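Fold and geometry: a report
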Amino acid sequence: MESLSNKKKVLVSKPLNFAERIYLPAIASGMKTTIGHFFKKPATIKYPEQEREFSINWRGMHSLKRDEQGRERCTACGLCALSCPAEAITMIAAERKNEEKHLYREEKYASVYEINMLRCIFCGLCEEACPKEAIYLDGPIVPADYLRKDFIYGKDKLVEAPLEVK
């Protein structure tokens, strides 16, 4: 089959000399590159032992904050779940009972609050959408695991510990 432009490219292969036939220049060039890498600073870090420095606007794992009295700030308005483009946040709202006034700020609270870390893209839109400043992406790196169910973080992993009053 002929090409459409009728242009032909003629390839000329010259015969190899003795050094090229035994690949000595190619081997020497490869060894030079390999030995050169021995004396360079490694490009990677050894992760669990070493941690790299992050920029100031780095987003880590989610955390649900508490107020000064130790009550959860989240009022289960659902704006974080609505603003999440990956649909990683699910919550179920419940009414606060009288004996739970010391646990929750408002009449409504999130009885179930889950974030699927496998779906989360760490965009920070949930943090921006929250009117009560209840969710922040200020935690550490999400740790590695083997099971998918271990990446669904509930309130047990997300809510920060209450402040200790001295």
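Residues numbered from 1 in each chain as written. Predicted model: local features only at pLDDT ≥ 70, side-chain atom pairs only at ≥ 80, totals over all residues. Heavy atoms only, no water.

An unreviewed UniProt entry annotates the protein as NADH-quinone oxidoreductase subunit I of Pedobacter xixiisoli. Its UniProt record, at the heading Subcellular location (unreviewed entry), says of the protein: "Cell membrane". UniProt's Catalytic activity (unreviewed entry) comment on the protein is quoted here verbatim: "a quinone + NADH + 5 H(+)(in) = a quinol + NAD(+) + 4 H(+)(out)". (UniProt positions renumbered as here; feature names shortened; annotations may be inferred.)

Okay, the pattern of salt bridges next. Applying the stated criterion to the full structure yields eight salt bridges. A salt bridge links Asp67 to Arg71; the shortest N-O distance between them is 3.1 Å. Given the relative accessible area of 23%, Arg71 is considered partly exposed. Counted as one network, the salt bridges with shared partners bring together Lys65, Asp138 and Glu160. (Salt bridge = Lys/Arg side-chain N within 4 Å of Asp/Glu carboxyl O. Buried < 20%, exposed > 50% of the residue type's maximum accessible area, 1.4 Å probe, protein only.)

The next subject is the UniProt feature "binding site: [4Fe-4S] cluster 2" (unreviewed entry) in the protein. UniProt's feature table lists "binding site: [4Fe-4S] cluster 2" (unreviewed entry) at Cys84, Cys120, Cys123 and Cys126, given in the numbering used throughout. Considering the C-alpha atoms alone, the annotated residues occupy 43 residues of sequence yet fold into one spot, their largest mutual distance being 10.4 Å. Within the annotated group just given, the residues that line the second largest cavity are Cys84, Cys120, Cys123 and Cys126. With respect to the element layout, Cys123 can be found in the loop between strand S3 (108-116) and helix H4 (125-129). Of note, Cys126 is situated in helix H4. In this structure, Cys126 is in contact with His62, Cys80, Ser83, Ile89, Ile135 and Leu137, ignoring residues within four places of it in sequence. (1 Å grid on protein atoms, 1.4 Å probe; cavity = no way out; pocket = protein on both sides within 12 Å on 5 of 7 lines; lining within 4 Å. Helix = DSSP H or I, 4+ residues; strand = E, 2+ residues; numbered from the N terminus. Contact = heavy atoms within 4.5 Å.)

Here the focus is the side chain of Arg73. Note that Arg73 resides in the loop between strand S1 (63-64) and helix H3 (79-83). In this structure, Arg73 is in contact with Lys65, Arg66, Asp67, Glu68, Arg105, Lys132, Glu133 and Ala134, ignoring residues within four places of it in sequence.

Attention shifts here to the UniProt feature "binding site: [4Fe-4S] cluster 1" (unreviewed entry) in the protein. Those places that UniProt annotates as "binding site: [4Fe-4S] cluster 1" (unreviewed entry) correspond, in this numbering, to Cys74, Cys77, Cys80 and Cys130. Spanning 57 residues, the named residues nonetheless gather at one spot, since no C-alpha pair among them exceeds 10.2 Å. Lining residues of the largest cavity drawn from the annotated list: Cys74, Cys77, Cys80 and Cys130. You can see Cys77 is positioned in the loop between S1 and H3. Here Cys77 falls in the partly exposed class, since its relative accessible area comes to 40%. Residue placement: Cys130 occurs in the loop between H4 and strand S4 (135-136). We classify Cys130 as buried; its relative accessible area is 16%.

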